[in-house]
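Listed here are the chains, written in short residue letters.
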Amino acid sequence: YTLITRTVPWWFTERYRLSLIDDTGTVLAANSAVPVGRDAASYQLAFEPLGATLRIVAHGASTRLVPSVLMGTIVLLAAAIFLSLRAMRRHVQQRLKAEQALQEEHAFRKAMEDSLLTGLRARDLTGRIIYVNPAFCRMVGWSAEELIGRAPPMPYWAPETVEQTMAVHDRILAGTGPHEAVEVRFRRKNGERFDALIYEAPLIDAQGRHTGWMGSGLDIT
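Within each chain, residues carry numbers counting from 1 in the order of the written sequence. Local features are withheld for residues below a pLDDT of 70 in this predicted model, meaning they are given only at 70 or higher, and side-chain atom pairs are given and counted only at 80 or more; totals for whole chains, interfaces and linings count all residues. As a rule here, side-chain values come from all non-hydrogen atoms in the structure, and water together with hydrogens is ignored.

Section: the pairing of strand S1 (residues 16-21)
Pairing between strands is defined by DSSP: at least two bridges between the two strands are required. Secondary structure follows DSSP: runs of H or I at least 4 residues long count as helices, runs of E at least 2 residues long count as strands, and numbering of each begins at the N terminus. Strand direction decides the pairing type here: S1 and strand S4 (residues 52-58), joined by six bridges, are antiparallel. Directly across from leucine 18, in S4, lies its bridge partner isoleucine 56. Across three bridges, the pairing between S1 and strand S2 (residues 27-30) is antiparallel. Across the sheet, isoleucine 21 pairs through a bridge with valine 27, a residue of S2. Once S1 ends, the chain turns through five residues before running back antiparallel as S2, passing glycine 25 with a positive phi of about 90°.

Right, here's the structure in full:
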């Protein structure tokens with residue numbers, strides 16, 4: 001009895017029940033009083049000195065619990081991965097649809113701007129050009145690459161009226177410019193002068209902030 005109850009390691013007793021049984025089936029000694037299931041795995045060894053049998057039986061609850069927990073964990077992880085992949089797939093599809101819609105909207109707006117006969121030119125709050133459409137480039141003779149980023153005085157301002165044009169420009173940036181269209185003298189890249197009718201309006205972004213000025217120009221020579 002002392003050999004079974006005191007010398008068997010604790011980690012062994014947590015998983016297995018060790019008992020000594022005589023030839024009549026009576027349990028002489030056991031290291032655990034916890035009952036084991038009928039289908040629990042067991043092993044018997046003849047214990048000759050006492051004419052008894054040494055039986056080792058796995059605790060049914062312990063041996064079945066670990067695989068069950070492990071299998072349950074694997075199933076939960078697989079389900080989580082599946083749901084994550086499904087959500088990611090749905091997110092990617094929605095993002096692709098949004099990007100496609102944005103590209104179509106951009107192409108539509110660009111087609112409209114490119115087909116306009118009216119020149120469009122946008123400036124930030126400091127007066128630097130941030131956008132020109134093809135009609136404006138055709139009107140003044142400079143390309144978009146040559147104009148975007150330019151600050152006043154602009155290359156298409158006529159030198160003989162640069163002071164008057166600068167005064168109108170400063171009034172617009174200060175918010176005190178004319179609310180109606182204003183007539184100015186411009187020059188093309190080849191030096192040719194022409195009269196343009198310019199109308200300025202505040203440039204408002206998606207958050208409602210005033211970020212600059214959008215001007216539309218028409219050659220009225």
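Looking at the sheet that holds strand S6 (residues 129-132)
On the basis of which strands lie adjacent, the open sheet formed by five strands has the order S6-S5-S9-S8-S7 and antiparallel pairing. The open sheet has two free edges, formed respectively by S6 and strand S7 (182-187), since each of these has just one partner strand. Across the sheet, the mean angle separating the axes of adjacent strands is 35° when strand polarity is ignored. Pairing of strand S5 (residues 119-124) with strand S9 (residues 210-219), which is carried by six bridges, proceeds in the antiparallel orientation. Residue pairing across strands places alanine 122 opposite methionine 214, the latter belonging to S9. Lying on the sheet, helix H6 (residues 162-173) is in contact with S5, S7, strand S8 (193-204) and S9; it crosses S5 at an angle near 65°. The axes used here are C-alpha line fits, helices contributing only the stretch in contact, and every angle between their N-to-C directions lies in the interval 0 to 180 degrees. In what follows, a contact means two residues having at least one pair of non-hydrogen atoms within 4.5 Å.

Comments concerning the packing of aromatic side chains
In this description, a pair of aromatic rings is defined by centroid distance and the angle of the planes. Any two of the Phe, Tyr and Trp rings considered here, Trp counted by its six-membered ring, make a pair once their centres fall within 6.5 Å; the pair's planes then place it as stacked at under 30 degrees, edge-to-face at over 60, or tilted in between. Counted by the stated rule, this structure contains three aromatic pairs. Ring centres 5.3 Å apart and planes at 80° place the aromatic pair phenylalanine 136 and tyrosine 156 in the edge-to-face group. Residue phenylalanine 136 is located in helix H4 (residues 134-140), and its partner tyrosine 156 is located in the loop between helix H5 (144-147) and H6; the two are separated by 20 residues in the primary sequence. Judged by relative accessible area, tyrosine 156 falls into the buried class, the value being 0%. Seen in terms of ring centroids, phenylalanine 186 and phenylalanine 194 are 6.0 Å apart; in terms of plane orientation they differ by 75°. Their pairing is edge-to-face. Here's how the labels work: a residue is buried when its accessible area is under 20% of the maximum for its type, exposed when over 50%, partly exposed in between, all with a 1.4 Å probe on protein chains only.

Everything listed here is a matter of geometry and, on its own, says nothing about what the molecule does.
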